[in-house]
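What the coordinates show
Here are the chains, one letter per residue:
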Amino acid sequence: MKSHSRITLASGALLLAIVADGFAQPGGMRGVVTDRASGSPLPGVTVSAKSAGDSLSAGATFTDLSGRYLIRSLAVGNYLISFSSVGYRRIVDAPVAVGDSSDVTFDAAMEEIPLDLDEVIVSASRKEEKAVRAPSSTSIIDAATIASRSAVTPVDHLRSTGGIDIAQTGLMQQTVVTRAFNNVFSTTLTMMTDNRIAAVASLRANIPAFIPLVDDDLDRIEVVRGPASALYGPNAHNGVVNFITRSPFASKGTTISLAGGSSSLVQASVRHAGTAGERFGYKISAQYFRGRDWEYVDSTEVFERQEALLGGADPDTLRIGRREAFVERFGGEARMDYILATDATVNLIAGLNQAVSTIELTDIGASQGRDWMYGYLQSRLTVGSFFLQGFINLSDAGDSYMLRTGMPVVDRSRMIVAQAQHRYEPGERQLFTYGVDLQLTRPVTDGTITGRNEDDDDIDEFGAYLQSETRLLPGMLDLVLAARGDHNNHLGDIVVSPRAALVYTPAEEHNLRITWNRAYSTPNTTELFLDIVAEPNVFGFPGPYAVDLRGSGIPDGGYVFARDDNGRPVMHSTLNADRSLPMSVDDVALLWPTLVQVLTGYGIDLTGVPAPAASDIGSAMGLLDPAAGSFNPTGDVADVPRLEATITSTVEVGYKGRVGESLIAGLDVYHTTVTNFIGQFEVITPSVFMDRADVRTYLQTNGLSATEASLYASIISSLPLGTVTPQGVADPTALLVTPRNFGNLGLWGADLSLEFLPHPSWQVIGTVSVISKNFFENLDGVGGLALNSPEHRGTFTLRYRDVGGSFHAEARSRWMSGFRMSSGVYAGDVLPYTLFDLNAGAALPWFPGTALTLSVLNLLDRKHREFVGAPDIGRLVVGKIHYTI
């Protein structure tokens, strides 16, 4: 039985301190915080006070919905009070004197700063900084933009973001990456919610529909493009997306939304946040979604179902090919915040998503998710510049199954993570950020996914990092240097991820970056330990002679193929009396008697032809392409070494700034080199055939006419008679589908964004992303490698919002070039497409707090497929009513 590590970050002493502190007594300092330009109240402003003499913290709070604040229990004396809020210039250390007669009133008016170029981001450097000064290519989707749209998953808000590749694979199913390197089981992007890795436990797959956040709870979405392993460790080699939610102190109240639309869509959500006293805040949210998915017919599922029915299976209970028409999920999140002191906060978060029904693509075919539970528990402690976090991600696949085989999918896996970080600033021109991460992955699949590897598939990863930021020219030139080392118990050496950036800010609204990043990705659970039948009886042979297609990870020792005394590969055959006995690939003639028996069952009578000698008929080998249903000839087989970490190195030059009064421009140009890329799952075991010319000659020699000999030779030479399999596999006759490392590949790319502001109410936004190559032919002599992403994609958005914010409208076009795709059993061409979307919303003045939103994706209903294996995507219309109490 497996043991699971337990990490506890909240000690009993901390809990006792929280309880003992209680709620502060009345008296002290109060006031109202407003927007300087409009005079409207500002909720959620952080207000802190400290003693003027010794700079000790005296109290902290947040403003309520009316912009009011109250700090109690202040002794007589002089204090310094500060106000801070995202999007506004801070008010720092304003002097206030507190007497003993009554509360002191101190009002503040804060000045708004231009969010377009002065946004604050935390994901680029794992600390707060202005986005324009970040040493990475970044984007921020703010709360106003999020609130103006209807979204099925949080990823829908990224559709207009440059450098983001989103493939819609169903009504609520999506894959998302930055800068290419996509696949059906998307793993190359680190997706987070409130700094918690949001991937599904051991599978490491980003499944956006499993994220239980509601739009009303999102404060912003931060995107970091390019390698980020120097701070975030393994598997951030292509970028980070961080969904950041709202503090309950800054967002008290209740919101309810109800949406409906085409595809029988129904969506509902509720969120409530409040406080108890000045230091304790809480929030809770819940959501429900249901809709009829777009239809897709998988020919392999249809064939396998028909075969099972012909074999006597009960059609009412047979799971092969049984796709559920509706997708459905529900979930929610709860959070508690406690302010220990001015700069100390504790957060406790719990979330749950239940996928009642969903279809997800995998490298070995689609799975029907049924009652798949995904949950998490998270604890965070922030004390000044120190950050401590621990979380556990939980997965339970419920009654899910593979659609091509009907086999159950069991996944009760855990991911346990502990992280600590601290910042140290020895002077005004130097800042150090350093930390450690521990990540434990504990798969539990009852043998359904990891098979015979079930008891040896734990993954332990430990890393430490240090980043230095030096202000070479204060306010103008910064040098960022970082290095990280990680150890994985299934990789030999410590992997080092360095980072260097020079950030030049010649003016307040201009930024030029030159960066170099080296990041890495480790093999995931399926790449290391997968052991599952992907397709039974792949050639349709009679029962005793069936050959399975089996998905398999690469063991620590790799795969080694045996050879005979002449150096020729060794095969195993179901036509052999003892399939466990190896045979040389040159001995196919020895299988003739059994082959004749099999052919007799198909009406081909060759019983009068004597068995040939081994020298009469030679052999040929070919690798099955499951998607194409054909074989690619091969002359030999090569050992497959153990998997190594994929190393990604990127050199990038970026600019972001305001050009004139109304244009904001951003341009990133980069070159990426990838070493040891872990490619898609492919067949590595050749099938062995009889040589056609030899068979034809032999049959003619034994009395058949030239016509008969040619016909039968064509049939016989197309039958896979054996499989060249590596040593030590569970089924020596099965074809193995595995990943492998490819060698070096390089590409360049560019992301361009332009935002034109002709009027305070109007925005014109355009993005273009380009990569130089998305398919590499015969890489390393092993095979082709597809990045499963377009070489060109872009968006154009026209947005209007009236000055009072009561009405907004948006028209958007999205276009994408086609690309060649190969990911597991899915291969083919994805055709180019151009789509148009509309979005509009308005507040209802006669119903205060009520707003309506209408979103139309794919307005012209252009049927298109964004991934091979996914359905044709049509128009989706969603209308939503939103009410705030």
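Presented here is a report on the structure given in the accompanying data block. What you see is a predicted model, and the numbers here were worked out from it, not measured in a lab.

**Let's talk about the pattern of salt bridges**
- Using the criterion set out here, one finds 35 salt bridges in the structure.
- Across the pair Arg 149 and Glu 810 runs a salt bridge, and its minimum N-O distance is 3.2 Å. With Arg 149 in the loop between helix 3 (143-147) and strand 12 (164-168) and Glu 810 in strand 51 (residues 807-816), the pair connects residues that are 661 residues apart, well separated along the chain.
- Of the residues examined, Arg 149 reaches a relative accessible area of 7% and is grouped as buried.
- The class of Glu 810 is buried, set by a relative accessible area of 8%.
- For the salt bridge of Arg 484 with Asp 486, the shortest nitrogen-to-oxygen distance reads 2.6 Å. Across this residue pair, the class does not change: Arg 484 and Asp 486 are buried.
- Here the salt bridges share partners, and the residues they tie into one network are Arg 179, Arg 513, Glu 652, Asp 668 and Asp 751.

**Some remarks on the packing of aromatic side chains**
- Tallied over the entire structure, the rule returns 14 aromatic pairs.
- In textbook terms, an aromatic cluster arises when at least three aromatic residues are bridged by ring pairs, as seen for Phe 210, Trp 372, Tyr 374 and Tyr 376.
- The ring of Phe 326 carries the charged tip of Arg 290 above its face, separated from the ring centre by 4.1 Å.
- Sitting over the ring of Phe 775, Arg 820 keeps its end group 3.9 Å from the ring centre.

**Focus: helix 5 (residues 299-310)**
- Compared with an ideal rise of 1.5 Å per residue, which puts 12 residues at 16 Å, helix 5 spans 17 Å between its outermost C-alpha atoms and is within 8% of the ideal.
- Those residues of helix 5 that sit buried are Thr 300, Glu 301, Glu 304, Arg 305 and Ala 308. With its buried residues spanning 130 degrees around the axis, helix 5 presents them on a single face. Away from its buried face, by an angle of more than 90 degrees, helix 5 presents the exposed residues Ser 299 and Leu 310.
- The opening residue of helix 5, the one whose side-chain oxygen lies 2.9 Å from the backbone nitrogen of Thr 300, is Asp 298.
- Where helix 5 terminates, the next one or two residues include Gly 312, which has phi positive at roughly 100 degrees.

**A few points about the pairing of strand 55 (residues 850-857)**
- In the sheet, strand 54 (residues 833-843) pairs with strand 55 via six bridges, with the strands oriented antiparallel. Along strand 55, the bridge assignment pairs Gly 841 with Thr 853.
- Connecting the antiparallel pair strand 54 and strand 55 is a turn made up of six residues, with Gly 849 showing a positive phi of about 85 degrees.
- Two elements, strand 55 and strand 56 (residues 876-884), share eight bridges in a ladder whose sense is antiparallel. By the bridge assignment for strand 56, Thr 853 is matched with Lys 880.

**Re the sheet that holds strand 32 (residues 531-535)**
- As summarised here, the arrangement of the four strands in space is 32-33-44-41, forming an open sheet in which the pairing is mixed. Both outer strands of the open sheet, strand 32 and strand 41 (682-683), are each paired with one neighbouring strand and no more.

Conventions adopted
- Residues numbered from 1 in each chain as written.
- Predicted model: local features only at pLDDT ≥ 70, side-chain atom pairs only at ≥ 80, totals over all residues.
- Heavy atoms only, no water.
- Salt bridge = Lys/Arg side-chain N within 4 Å of Asp/Glu carboxyl O.
- Helix = DSSP H or I, 4+ residues; strand = E, 2+ residues; numbered from the N terminus.
- Buried < 20%, exposed > 50% of the residue type's maximum accessible area, 1.4 Å probe, protein only.
- Phe/Tyr/Trp six-rings, centres within 6.5 Å; stacked < 30°, edge-to-face > 60°.
- Lys NZ or Arg CZ within 6 Å of the ring centre and 35° of its normal.
- Expected span 1.5 Å × (residues − 1).
- Arc of directions from axis to C-beta.
- Polar contact = N/O pair within 3.5 Å; in protein donor to acceptor, adjacent residues only side chain to side chain.
- Pairing = 2+ DSSP bridges.

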